[in-house]
Amino acid sequence: MDTNGTEDLLKRIARVDPPPFLFTRIEARLSATVRVPRGRLVAMACALAALLLVNAVILGGKAGSSGQLDEVADAMGMNASNQLYR
Amino acid sequence: MPPQDEFRTLYHQHARMVYNLCLNYLHGREDAQEATQDVFVKVHERLSGFKGDASLGTWIYRITINTCLDRLKARNRKKRSLLGWFSLSDEQAERSASLVFDHPGVAAEDREALERLFAVVDELPDQQKTALLLKTTEDLSMSAIAEVMGLSPKAVESLLSRARANLRQRLPNEG
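Computed from a prediction, not measured in an experiment: that's the story for all the values here.

Reading the values: the criteria
Residues numbered from 1 in each chain as written. Chains lettered and ligands numbered in written order. Predicted model: local features only at pLDDT ≥ 70, side-chain atom pairs only at ≥ 80, totals over all residues. Helix = DSSP H or I, 4+ residues; strand = E, 2+ residues; numbered from the N terminus. Buried ≥ 20, exposed ≤ 12 C-beta atoms within 10 Å, placed from the backbone. Contact = placed C-beta atoms within 7 Å. Nonpolar A, V, L, I, M, F, W, Y, C, P; charged D, E, K, R; others polar. Core = buried A, V, L, I, M, F, W, Y, C linked by C-beta atoms within 7 Å. pLDDT = per-residue confidence, 0-100. Axes fitted to C-alpha atoms, helices over the stretch in contact; angles between N-to-C directions. Parallel < 35°, antiparallel > 145°, perpendicular 65-115°, else oblique.

Side note on the overall build of chain B
Step number 1: A count of helical and extended segments in chain B gives eight helices and zero strands.
Step number 2: The buried share of chain B, reckoned over its 175 residues, is 30%.
Step number 3: In chain B, of all internal contacts separated by at least 6 residues, the share reaching a separation of at least 24 is 56%.

Structure below.
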């Protein structure tokens, strides 16, 4: 098959009409697509960042208070460690 | 005109071009219908950002070409994974990856020859394939192809001559 022959063959492909239901399907897809407004996205990102910050502050505070826990445990004659043989 | 009516008009102006181009890239009715839907959903989403630096038709051509090339890549990935993971035969993998030739614009007497030809065209690099399809099946001029592809007419000519050379090399000589 020479290239002229192949190009003629490609040119012989007839143009067809798209099926009539296609536009209805596109409309259905467009109405099903939920668009989240940018403002709401920013608000959600800020809320998540605030939540992470609060968690970090609480965890940081707990880490700092481990010395107090040891003192209380010592005063009550208890072992604050979770190691069995110490 | 309300935006919905505007979109409907735009669809009716360009749907035939989009659907036929999708058929020529994907060679399957169902695949082309899904790709056409994808194209118009993208057009709807991006229409407000359309700057008008190219004509609307050129812009829709570009979206169509990119959508089809993405679908072809996804289909080839699926075929490779079916061949590799499930040890399917080539024919079974092609059927599962919806690579069955089902082009409504092809006459019965040309079907076999075009199926073989498209198998070779599919193996061409993306840009060569696009230049060839726009020139032959869409019958676009060199300058129109250059505009759609964002290249100079000289670059398009070079792509076309490379595509033709590749076809000559890969197609069995049947006279």
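From this point, things continue past the structure.
Quick look at the overall build of chain A
Step number 1: The secondary structure content of chain A amounts to four helices and zero strands.
Step number 2: Traced from its N-terminal end to its C-terminal end, chain A shows the element sequence α-α-α-α.
Step number 3: For chain A, with 86 residues in total, the buried portion stands at 7%.

Concerning the interface of chain A and chain B
Step number 1: Contacts between the two partners involve 21 residues from chain A and, on the opposite side, 26 residues from chain B.
Step number 2: Counting residues per element, the ones that place at least two in the side of chain A that touches chain B are helix H1 (3-11) and helix H2 (22-32) of chain A.
Step number 3: Within the side of chain A that touches chain B, the residues separate by chemical class into twelve nonpolar, two polar and seven charged.

Brief notes about the nonpolar core
Note on soluble globular proteins: their nonpolar side chains tend to be buried together.
Step number 1: By size, the foremost hydrophobic cluster in this structure holds 37 residues, and its most contacted members are B:Val18, B:Cys22, B:Leu26 and B:Ala131.
Step number 2: Secondary structure elements with two or more residues in this core: H2 of chain A together with helix H1 (3-26), helix H2 (29-46), helix H3 (56-85), helix H5 (111-121), helix H6 (126-136), helix H7 (142-149) and helix H8 (153-170) of chain B.
Step number 3: Beyond its immediate stretch of four places on either side in the chain, B:Ala131 contacts B:Ile145, B:Met149, B:Val156, B:Leu159, B:Leu160 and B:Ala163.

Describing the confidence of the model for chain A
Step number 1: Taken as a whole, chain A shows an average pLDDT of 84; of its residues, 87% reach a score of 70 or greater.
Step number 2: Ranking the elements of chain A by mean pLDDT puts helix H4 (residues 66-75) of chain A last, at 76, and H2(A) first, at 93.

Describing the packing of H7(B) against H8(B)
Residue and element names in this part refer to chain B.
Step number 1: Where H7 meets H8, the closest approach of the two axes is 8 Å, and the angle between their N-to-C directions is 95°. In terms of orientation, H7 and H8 fall into the roughly perpendicular class. Across the interface between the two elements, Met-142, Ser-143, Ile-145, Ala-146 and Met-149 from H7 touch Pro-153, Val-156 and Glu-157 from H8.
Step number 2: Grouping the amino acids of the contact of H7 with H8 by side-chain chemistry returns six nonpolar, one polar and one charged.

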